[in-house]
Structures are given as structure tokens and as C-alpha cells.
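Here is how the chains run, residue by residue.
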Amino acid sequence: MKLFECQGCGNPVHFDNTVCVECGRALGYMPWRRTITALEAKDHGLHALEPGAGRVFLCDNARSDACNWLLPEADGPGLCRACRHNRMIPDLSLPQNLAGWKKIEAAKKHLFWSLTAWPIWIPTRVEDPHHGLAFDFLADVPAPGGWIEAAVTGHAAGVITISVAEADDAERERRRTEFGEPYRTLLGHFRHEFGHYAWSRLVAPEWERLAAFRDCFGDERQDYPSALSAHYRNGPPPDWQSRAVSAYATAHPWEDFAETFAHYVHMVDGLETARAYGLAVRPRIRRPDDLAAKVEFDPYRAGAVSEIVEGWVPLTVALNAMNRSLGQPDLYPFVLSAPAVAKLGFVHRLVRGEPS
């Protein structure tokens, strides 16, 4: 994620900011320019201080303090590019649902920051009723008999469902521990579930891509429910780190792709953040360059996945060392094997629109 600048006072501002803490100006994100702009009210409208941007509209969800995205004058008023994909949201009259939905929207916007950097067309359900992307953000509901019908996070036929309970830190931590998922985060859920959508939209309809997918990830035609049952019953194979980015990725080729897709976006966005802050590491070991890393390239424009991996590995070694020095577990408890890197390369070519 990049750092931005308030056009009013030059103060650094962040992607999620709605107000500049230095000058007090309102802020909004312009997805068509991929930048944050300071705002001013004039001539009975809202205008961006970003040069040449002109009049803009706040997303309708700004009324609930759930979105800081803007629409250009030609497209507004209404919902922003990201919020147009919402199909269902929880009952916002309940305070816990409103608080959870705000967290969910923040994570969703980070997903869209990445997706809109690549040449991927993501239609809404209005633009493509059969294959468009939609989000259902659902809360647990009481059912007859006094028990609770839990909302389940997942993807089916272009609809990504996110349980509002995942926005509760304590509940998410409980599930993280129960399922042994160190990266169980709201943003991780979005990236993983969008990976399933990306497979159905970008891989399955294209025979050459599908064949390349099977060569890399395996044959997805194996029974999915049975594969998941076996995974939860027996656990991952002991050598899973030698061929996948996570233990869960070994459950089925679909899950392998979704986990790899999410991991790829983690890496690219993490490298962009490191670049924005000018992070560099050069530990003194046998060869000074062995773990040297200074992120001087745009990871969203990297020509080959090797550029991303070569920047990522030394950065995570340094971050893990920092966490250990603070008495915390490793920030990045993963190992990138050669087969896993090959799978990341498949995703890299896919999002760039290159042949598989």
C-alpha cells in the first residue's frame, strides 16, 4: 500500500484516512486515479484538490462512515466502484453489526486496491447477472429452537459471503486457533475467496489456462467435499511445505489456487508497503548480499514472479527477526518451495493477462 499526501498541507496520509490530522481537511480515495485527495465544499458541491479532478461525490456508504471512496461527477451520486458489488449487508440498526461491517468494508477496500492495479475486469451483478461478483456480509441469526444459525464465509457461483463474526477480534482468534490458521484475517478471507472467484472467471472458461492449471495445481475434478473431509479428518501431508504455500492448500486444487492467489496478493501488497516506507535490510552474514533487500521496484508491475520472490524473502526474514526480538511469533511463518513459487508464477501471469 502506498503513502499519500494531503494536497492542502502536504502532510502524509493513508489509504483509510477520511480526515487530514494536520489541516483538518476531508479526504477521499479516487479509484480512477489511485490516489487520495483532499476535499473542499464549493459551488454547492464537493471538489477534489487533486489537480484536474474537479467535482466528485462521496460514496453513499460514507453516510455510515463505512467508505472513503469517491465517484467522479459523471458517475455520481451513488455507490463507489467497490461498494456496487455489495448484495447483502447486515442489519445496521444493531451496533455490533455496524461496527463489524465497517471493519469488513475496510478490508474489502484493501482487496480492491490490489485488484484495480491489474487489467482484470470485475463486473457487478448488474453488469453480468450470471458471472458478476457480489458480496453478502451476513450476521449469525437466531433459528427456531433457540440455536444460532451461523453465517459461513465462502464463495459460490460468484457470490462471496463473509461472516460478520469474523470482524470480532476475539471470535476470529478463537477460530484461528481452532483451525490452525496463522493468517486468518478479514483481509486474508477476502483475498482467498476472491481467488475462488478468479478461478471460476479467469481460469475455468479458458481451455489453455485450465490445462496449465491442472499441470501446476492438479486436477480439480476430484471430489471436493470428500477431499475437504479427508483434510479435516487426517490433516495435511507431512511434506506439505515442499509443494504448497499453506497446509490448507493441500486439501484440493481449488483451495491450493485460492491460497496461492491470496498469498501472491499478500506478497505484492506487502512489498509495495515496504517500498513506500523505504525499508531496506542488509544483515551482516557470510556474504553481505545474501539477504540484502531494498524494494526499489513496483511489485504490481514486476515483469516476473522471481522479482517478487527475491524481494520478499529477505524482507520477511528481517520482519521475523524483528518479531522475535519483541517476543512475538514469526510474522511470516511460511517457506516458499520451488513448486509453490511455480504456482505463484501462474497467478502472476494470470493477473497480468499473460499466457499461462
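Given the structure is predicted, the values throughout are model-derived calculations rather than measurements.

## Some points on helix α7 (residues 305-325)
A rise of 1.5 Å per residue sets the reference length of α7, with its 21 residues, at 30 Å; its end C-alpha atoms lie 30 Å apart and thus fit the reference within 8%. Buried residues of α7: Val305, Ile308, Val309, Gly311, Trp312, Pro314, Leu315, Thr316, Asn320 and Asn323, and no others. Looking one or two places after α7, you find glycine 327, whose phi comes out positive at around 75 degrees.

## Concerning the sheet that holds strand β12 (residues 154-156)
Spatial strand order, β8-β9-β13-β12: 4 strands in an open sheet with mixed pairing. Single-partner strands in this sheet number two, and they are β8 (86-88) and β12. Between one strand and the next, the sheet's axes are offset by a mean angle of 30 degrees, whatever the strand orientation. As paired elements, β12 and strand β13 (residues 159-163) share 3 bridges and run antiparallel to each other. Pairing of glycine 154 across the sheet is with threonine 161, part of β13.

## A look at the packing of helix α6 (residues 253-276) against α7
At a minimum axis separation of 10 Å, α6 and α7 run at an interaxial angle of 70 degrees. Classified by the angle between their axes, α6 and α7 sit roughly perpendicular to one another. Crossing handedness for the pair α6 and α7: left-handed. Facing Tyr264, His266, Met267, Val268, Gly270, Leu271 and Ala274 of α6, the residues of α7 in contact are Val305, Ile308, Val309, Gly311, Trp312 and Leu315. Of the residues that constitute the contact of α6 with α7, the class distribution is 10 nonpolar, 3 polar and no charged.

## Brief notes about the packing of aromatic side chains
As enumerated under the stated definition, the model contains 27 aromatic pairs in all. A centroid spacing of 5.6 Å and a plane angle of 65 degrees characterise the contact between tryptophan 199 and tryptophan 254, whose relative ring orientation is edge-to-face. Pair noted here: tryptophan 199 is in helix α3 (residues 186-203) and tryptophan 254 is in helix α6, with a separation of 55 residues, a long-range link. A relative accessible area of 11% means that tryptophan 199 is categorised as buried. We classify tryptophan 254 as partly exposed; its relative accessible area is 26%.

## Quick look at the side chain of serine 337
Note that serine 337 resides in the loop between α7 and α8 (338-351). Within the structure, the side chain of serine 337 is placed 3.5 Å from the backbone oxygen of glutamine 241, a separation counted as a polar contact. Setting aside anything within four residues of it in sequence, one finds serine 337 in contact with Gln241, Ser242, Arg243 and Ala244.

What counts and what doesn't
Residues numbered from 1 in each chain as written. Predicted model: local features only at pLDDT ≥ 70, side-chain atom pairs only at ≥ 80, totals over all residues. Heavy atoms only, no water. Helix = DSSP H or I, 4+ residues; strand = E, 2+ residues; numbered from the N terminus. Expected span 1.5 Å × (residues − 1). Buried < 20%, exposed > 50% of the residue type's maximum accessible area, 1.4 Å probe, protein only. Pairing = 2+ DSSP bridges. Axes fitted to C-alpha atoms, helices over the stretch in contact; angles between N-to-C directions. Parallel < 35°, antiparallel > 145°, perpendicular 65-115°, else oblique. Left-handed = near helix turned anticlockwise from the far one by under 90°. Contact = heavy atoms within 4.5 Å. Nonpolar A, V, L, I, M, F, W, Y, C, P; charged D, E, K, R; others polar. Phe/Tyr/Trp six-rings, centres within 6.5 Å; stacked < 30°, edge-to-face > 60°. Polar contact = N/O pair within 3.5 Å; in protein donor to acceptor, adjacent residues only side chain to side chain.

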